[in-house]
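# Breakdown of the fold
Chain residues, written in single-letter form:
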Amino acid sequence: MTSRRPIFRRPYFFAGFLVLVGVILAVGGTQLVTLGGSPYYVIAGLMTLVSGILVALGRRSGALLFGVLLLGTVAWAVGESGFAGWSLLARLAGPFVIGLWFILPWTARRLHPRSKHSLGKRFGIAMAGLVLAVGLGTIANMMFVAERPDPMFQAGMAAQAPAPLPLAASADSSGQDWAVWGGDAAGTRFSSLTQLTPANVDKLELAWTYHFGPAPAGAPASLEVTPLKIGDTLYLCNDYNDIVALDGETGKQRWRFHANTNVKGATYGHCRGLAYHKVPDTAGACAERIYTNTVDARLLAVDARTGRPCSSFGRNGVVDLKVGMPKAPAGYYYVTSAPTIARGRVVLGGWVADGMYWGEPSGVIRAFDAVTGKLSWAFDVGRPDRTGAPPPGETYTPSTPNSWAPMSADERLGLVFAPLGGAAPDYAGAQRRPFDDAWSSSVVAIDAETGRPRWRFQTTHHDLWDYDVASQPTLIDLPTAQGMRPALIQPTKRGELFVLDRETGRPIKPVSEHPVPQGGMAPGEWAAPTQPFSDAMPSFRGLAVKERDMWGVTPLDQLWCRIKFREARYDGTLTPPGFSPTIAYPGFLGGMNWGGVSIDRDRRLMIVNTNYVGNYVQLVKREEADRLGVRPMGMGAAPKPEGQMIQPQMGTPFAVRSLPFLSPIFAPCQAPPWGRLSAVDLNSGKLLWSHPLGTARDSGPLGLPSLLPFKIGTPNLGGSVVTRGGLIFIAATQDKYLRAIDTTTGKVLWRGRLPQAGQATPITYMSQASGRQFVVTASGGHAFLGTKPGDAIYAYALPKEKR
């Protein structure tokens, strides 16, 4: 009897799959090698190809060869990434799955049917052991290997958490309310409440929910609001600017103000918060007011008790923010952050559409009388001599740096602190005027009564990377060798934390100018030779990216990411863009974004949530953009499909592609973690702890949830709250959880499941009705993070009998 197997019993489908994968790896690997990359993929591709041919021939040696490849892949993977679980997963998951197919019964029987040879049996056992060891070892690494802080935390590690200050030195309000967007005018997001502690927070349960209901057609559908709580009432807005008042104990709606917002063009519109103001020495209607700014560029004031418009403010409760602005299509200018109240004025900047055209709406910052709505002053960097409205026939200066992020205020000093973005459009700097370059990507202190600037500090010179200062400046007094100094902490998308004297703008923690990459730019463009770095504080910009940092769910998309990385120019942080692709890292998500930081004022401990996702940037010549039909939003027909991801930057010599650096299956090309939560001791400037923030539970390739419960560190948008009870509350991540975290260790103590991801900042307050401490957050998702939109507000508290 012959031992040769019938042809029809050979595993041709599996063999064909191996051949196909082998060809792709070999061809792509060859391209990578020609770009100076790793030779592994060529070798792996050829071995997989030969293995597939041998399997098609019914040879056991095909499995043996793949076993050798698997062993070699383990050695290569550990050599490149050490024992980092997620990095190992990217390198070993694909080979593991293929190896698993080799040991499944229907494959094993066809490669060595009815084998009585001890060698065949031993080989099968060895192959099974190898495959299982690879799989279990990778999972174990994801679960149990200790996390190592990034060496970029340059100031060193603190040995232990700082001791709390005497309460008299950190005294604040009772914590009953949350009357300002950032917790207080200083933006510390600190609560003095102590009912919830690390010992009982795991008993939190859902107390109530509220739903805004379906959004009108065309309206933004996410929800990023941070509520206010005054007395026994919560105040919230949605992304089409309706305002609701809810009972703080039950969540029952008391009134709803319909803003009747025109949502045309408001693709990226949000209402992240409201402002509250009690008019001094006033009783009756509108003695207490709620202010909001809308995505159709209005400032509204309503009675906090009834929700009716304040007729004495503006025109029946409305101020038109388009007055004095250069004309532009709908959706080019509006305000997304909560207004700031300072010295009896409502102060606001505005969001300006990114990358559309030179001459977009002005970045003017304006203050309006909180009672009458009349313009108090305007700060226009193009006309610093004029603090009033422009005369007839003129407008505020177009395309100046704008302030879309939250502001903070110091009533004692009479200053408003405004973070500024770049002059539109973001990736073209040659046409900028001297005042654009002088003020862009800065934090500026403005006199709250006159609108005159006192000082400015620039965080990025001649910004070519969309590094808007997106975070609220946070104010706290810090001890120095010269005594206590009023400090301002400015987080940035660059990942740098600048600590400044808020009276003068001069650095408290040393700042140095370091040389940065040059060259490769478009004709006529230039880059600043040096940039400011905060050397004495931890940096959250991440280490310089290398080819081995490229990631992928499978070897194929990891290979794609490696090729794209090698094709791009990357000389380190602040590599200037050009006509060849470049990598911007951190990308325009940050570093730190509009969630800002929170401060444990008792311990002077700063809580920082950060992102680590790069951008792939390439300038596009104007003639190419025109060929593709690329036009500014609302100014022409839709571009051709290949032009839809291009920002036109009309009026400049070139357009730009600037997108997150993702693989073809929409996974980040960089290895995780993509998001972290960290604590910094502000007394020493040292890092206390840092952990990846978020699991892979609700994200994955092609936007599908992986359901993996392992900590990965996801991109995040939103902020944190820290309490005197020793807790941090934060949602922000791509997974659908609100977390309670121990302030001194970073350990997650509790998670509350949300219906959608919570791209917002929670609040905490004490209910007057029950004496319970509540934690409330919006669950509304965010299109940029790929999280689904929602309309829910979730409130948690301890059961009444367990307080």
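Attention in this report is confined to the structure presented alongside it. All values reported here derive from a predicted model rather than from experimental measurement. (Residues numbered from 1 in each chain as written. Predicted model: local features only at pLDDT ≥ 70, side-chain atom pairs only at ≥ 80, totals over all residues. Heavy atoms only, no water.)

## A few points about the overall build of the chain
- The number of helices and strands found in the chain is nine helices and 40 strands.
- For a compact globule of 803 residues, the expected C-alpha radius of gyration is about 28 Å, and the chain comes in at 28 Å, within 12% of that figure.
- Burial statistics for the chain: of 803 residues in total, 61% are counted as buried.
- Within the chain, counting contacts between residues at least 6 apart in sequence, those at least 24 apart form 65% of the total. (Helix = DSSP H or I, 4+ residues; strand = E, 2+ residues; numbered from the N terminus. Rg over C-alpha atoms; globule rule 2.2 N^0.38 Å. Buried < 20%, exposed > 50% of the residue type's maximum accessible area, 1.4 Å probe, protein only. Contact = heavy atoms within 4.5 Å.)

## Quick notes on the state of the cysteines
- According to the stated counting rule, one finds three disulfides in the structure shown.
- Two residues share a disulfide in this structure: Cys-237 and Cys-271, whose sulfurs sit 2.1 Å from each other. Handedness here is read from the sign of the S-S torsion; for Cys-237 and Cys-271, about -95 degrees, the answer is left-handed. On the criterion of sequence distance, the pair formed by Cys-237 in strand E4 (residues 233-237) and Cys-271 in the loop between strand E6 (253-257) and strand E7 (275-278) is long-range, its members being 34 residues apart. (Disulfide = S-S within 2.5 Å.)

## Description of the packing of helix H1 (residues 12-34) against helix H2 (residues 40-56)
- Direction vectors running N to C along H1 and H2 enclose 160 degrees, while the axes themselves pass 7 Å from each other. Viewed along their axes, H1 and H2 adopt a mutual orientation that is roughly antiparallel. Crossing of H1 over H2 shows left-handed handedness.
- Looking at the contact of H1 with H2 residue by residue, the class counts come to 18 nonpolar, seven polar and no charged. (Axes fitted to C-alpha atoms, helices over the stretch in contact; angles between N-to-C directions. Parallel < 35°, antiparallel > 145°, perpendicular 65-115°, else oblique. Left-handed = near helix turned anticlockwise from the far one by under 90°. Nonpolar A, V, L, I, M, F, W, Y, C, P; charged D, E, K, R; others polar.)

## So, helix H8 (residues 555-567)
- Counted at 1.5 Å a residue, the expected span for H8 with its 13 residues is 18 Å, and the 18 Å between its end C-alpha atoms agrees.
- Among all positions in H8, only Pro-555, Asp-557, Gln-558, Leu-559, Cys-561, Arg-562, Ile-563 and Phe-565 are buried.
- Where H8 is buried, its residues touch H1, H2, helix H3 (61-81), helix H4 (85-103) and strand E26 (582-584). (Expected span 1.5 Å × (residues − 1).)

## So, unusual backbone geometry
- Ala-424 connects to Pro-425 through a cis peptide bond whose omega is -5 degrees.
- Position of Pro-425 among the secondary structure elements: in the loop between strand E18 (415-419) and helix H7 (434-439).
- Across the junction of Tyr-585 and Pro-586, the peptide omega takes the value 0 degrees, indicating a cis bond.
- Checked against the element boundaries, Pro-586 lands in the loop between E26 and strand E27 (597-600).
- With a phi angle near 50 degrees, Ser-441 is a residue other than glycine that sits in the positive phi range.
- Residue placement: Ser-441 occurs in the loop between H7 and strand E19 (442-447).
- Residue classification places Ser-441 among the buried positions, given a relative accessible area of 0%.
- One non-glycine residue, Arg-604, lies in the positive phi region at around 55 degrees.

## Regarding the nonpolar core
- Ranked by size, the top nonpolar core spans 36 residues in total, and within it Trp-208, Leu-234, Tyr-235, Leu-236, Ile-290, Val-776 and Ile-793 carry the most contacts.
- With residues up to four places along the chain from it excluded, the contact list for Leu-234 reads Trp-208, Pro-227, Leu-228, Lys-229, Val-244, Ala-245, Leu-246, Gly-248, Ile-763, Tyr-765 and Val-776.
- Ranked by size, the runner-up nonpolar core spans 30 residues in total, among them Ile-508, Met-537, Ile-599 and Phe-661. (Core = buried A, V, L, I, M, F, W, Y, C linked by side-chain atoms within 4.5 Å.)

## So, the side chain of Glu-224
- Its place among the elements puts Glu-224 in the loop between strand E2 (205-211) and strand E3 (228-230).
- By relative accessible area, which is 0% here, Glu-224 ends up buried.
- Looking at Glu-224, its side chain comes within polar contact range of the side chain of Arg-272, at 2.7 Å.
- A polar contact of 3.2 Å, which involves the side chain of Glu-224, links it to the side chain of His-782.
- Excluding anything up to four places from it in sequence, Glu-224 contacts Asp-239, His-270, Cys-271, Arg-272, Trp-594, Gln-759, Ala-760 and His-782. (Polar contact = N/O pair within 3.5 Å; in protein donor to acceptor, adjacent residues only side chain to side chain.)

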